[in-house]
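Architecture and fold: a report
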Amino acid sequence: MRKIRYSRLFILGVVIYILFQGIVLLIGAKTSTLEMKDGNYEVKTKVKALVVRDEYLVKSDIDGTLSMLVNENDKVQKSSEVAIIFNNNVDKNLNKKLEELNKEIKKLKEENNVFSTGIISSKEDELRILKKQMKSNTSTFYATTPGVVSFKYDGNEEEYNVDNLENISKEDIDNASNNYINTVKNNKGIKSESVIFRMINNNEIYLAFVSEDNQLSNEGDNVKIKIGKEEINGEIYKNCKKPNSVITIIKFTQQNTGIYDTRVEEFDIIYKQIECLRIPKKSIITRDKKLGTFVINEETKKSDFVEIKGISYEDDDYVYVDFRSNQNKGIDTVDLHDRIILKPNFINKNIKIIN
């Protein structure tokens, strides 16, 4: 009886061992792994940013009828005529008469007919009289600086301007909104002190936002600002330290019309593009105060803990390793084509990985 009992225990032990080995093999076959491959990755962040421009509003100094001489978003030179306002005493058809008279004179000159000389002289005298009449009954508005003409404004042009860049606070950014309204339409009546147009220096446009990672915001560094599907060049202009935050200011180094009528928006800021290995954080553990992952030995099929070195950047899900720099310096760490365990646990760290 005792021999039968020992035999049964032996058979049971063999069965348990076989089951255990089967489970181990199954775990080894089902363990998820990832081969390290090089790739070009963007170091970027999404931010809510306040748009600040070098801009000013031009207002009417009389009541009258507005006549715009340029179109929306036209670029004009300094001292260019942008708008005329005819006061209420002037003949409403005066501008039309001037245009027609100019066309007549131009046509007569193109004909180059000796008999037209006297007619041209008479027409030019009439033109001078009309211009004098118009000048005494109109106000002409010029561009005092070169730039872009906009027919929209939000009333914050003085508060948010380039002279106040370093005074912008987190509260300014949090509370900003897009409330642009149209100026008076062309050929419509306008009241004194009404906004005629906004002048924008398209070479001086900035974004201000709260910087969450100060290591990415080095003054003078080039960045890209993603607006829709377009990427615009910029540079880190300044980091302004506040009591509870850091406000990073980016200057646009490339022009973009889509930003002229926006006060606040979410932007993707691309700090740099790096060639590296991207290691998922779910594969990383800390052992003996060292950050590392489990790399599979392709000969033994077992995994070894390898410290991760040469981290260039990390986000919520990954760490990015500069493997080329590690190779050049002879640093022993995770390398190209290594296979790592994606979700290391007590079992898969200590068995053969056969997949």
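Check the entry above for the structure.
Let us look at the structure shown here. One numbering rule holds for all chains: residues counted from 1, following each sequence as written. Residues qualify for local features only when their pLDDT is at least 70, as the model is predicted, and side-chain atom pairs are given and counted only at 80 or more; totals for whole chains, interfaces and linings, by contrast, use all residues. Derived side-chain values reflect all non-hydrogen atoms in the structure, with water molecules and hydrogen atoms excluded from consideration.

1. Focus: the pattern of salt bridges
Oppositely charged side chains may form a pair once their charged atoms are brought near each other. Our working definition: Definition used for salt bridges: Asp or Glu carboxyl oxygen within 4 Å of a side-chain nitrogen of Lys or Arg. Secondary structure follows DSSP: runs of H or I at least 4 residues long count as helices, runs of E at least 2 residues long count as strands, and numbering of each begins at the N terminus. Using a 1.4 Å probe on the protein chains alone, a residue whose accessible area is under 20% of its type maximum counts as buried, one over 50% counts as exposed, and one in between counts as partly exposed.
Scanning the entire structure with this criterion turns up 17 salt bridges. Put simply, Asp38 and Arg324 hold a salt bridge, and the shortest N to O gap is 3.9 Å. Taken as a pair, Asp38 in strand β2 (residues 38-59) and Arg324 in helix α5 (residues 323-329) lie far apart in primary sequence, 286 residues in all. Relative accessible area serves as the criterion here: at 36%, Asp38 is assigned to the partly exposed category. Owing to a relative accessible area of 38%, Arg324 belongs among the partly exposed residues under this scheme. Residue Lys46 pairs with Asp268 through a salt bridge whose shortest N-O separation is 3.4 Å. With Lys46 in strand β2 and Asp268 in strand β15 (residues 264-280), the pair connects residues that are 222 residues apart, well separated along the chain.

2. A few points about the environment of Ile331
Inclusion rule: Contacts between residues were defined by any pair of non-hydrogen atoms, one from each residue, lying within 4.5 Å.
Along the chain, Ile331 falls in the loop between α5 and β21 (339-341). Sequence separation of Ile331 and Lys309 is 22 residues, and the distance between their C-alpha atoms is 7.8 Å. Beyond its immediate stretch of four places on either side in the chain, Ile331 contacts Lys309 and Asn326.

3. Looking at the nonpolar core
Here is the rule we go by: We call a set of buried residues a nonpolar core when its members are Ala, Val, Leu, Ile, Met, Phe, Trp, Tyr or Cys and they connect through side-chain atoms within 4.5 Å of each other.
Counting residues in hydrophobic clusters, the biggest one holds 26 residues, and the most contacted among them are Leu207, Ile250, Phe267, Ile269 and Tyr271. Elements with a minimum of two residues in this core: β2, β11 (195-210), β12 (222-227), β13 (230-241), β14 (246-252) and β15. In this structure Leu207 touches Ala49, Leu50, Val51, Ile225, Thr248, Ile249, Ile250, Phe252, Phe267 and Ile269, once residues within four positions along its chain are discounted. In terms of nonpolar packing, the next biggest core, distinct from the first, is built from 16 residues, Val82, Ala83, Phe151 and Met199 among them.

4. Digging into the sheet that holds strand β5 (residues 81-87)
We count it as follows: Pairing between strands is defined by DSSP: at least two bridges between the two strands are required.
With antiparallel pairing, the 4 strands of this open sheet are ordered in space as β6-β5-β3-β10. Each of the sheet's edge strands pairs with one partner strand only, and the pair in question is β6 (138-142) and β10 (189-190). In this structure, strand β3 (residues 64-68) lies alongside β5, joined through 5 bridges in antiparallel fashion. Across the sheet, residue Leu66 finds its bridge partner in β5, namely Ile85.

Interpretation note: all reported values are geometric properties and have no functional meaning in isolation.
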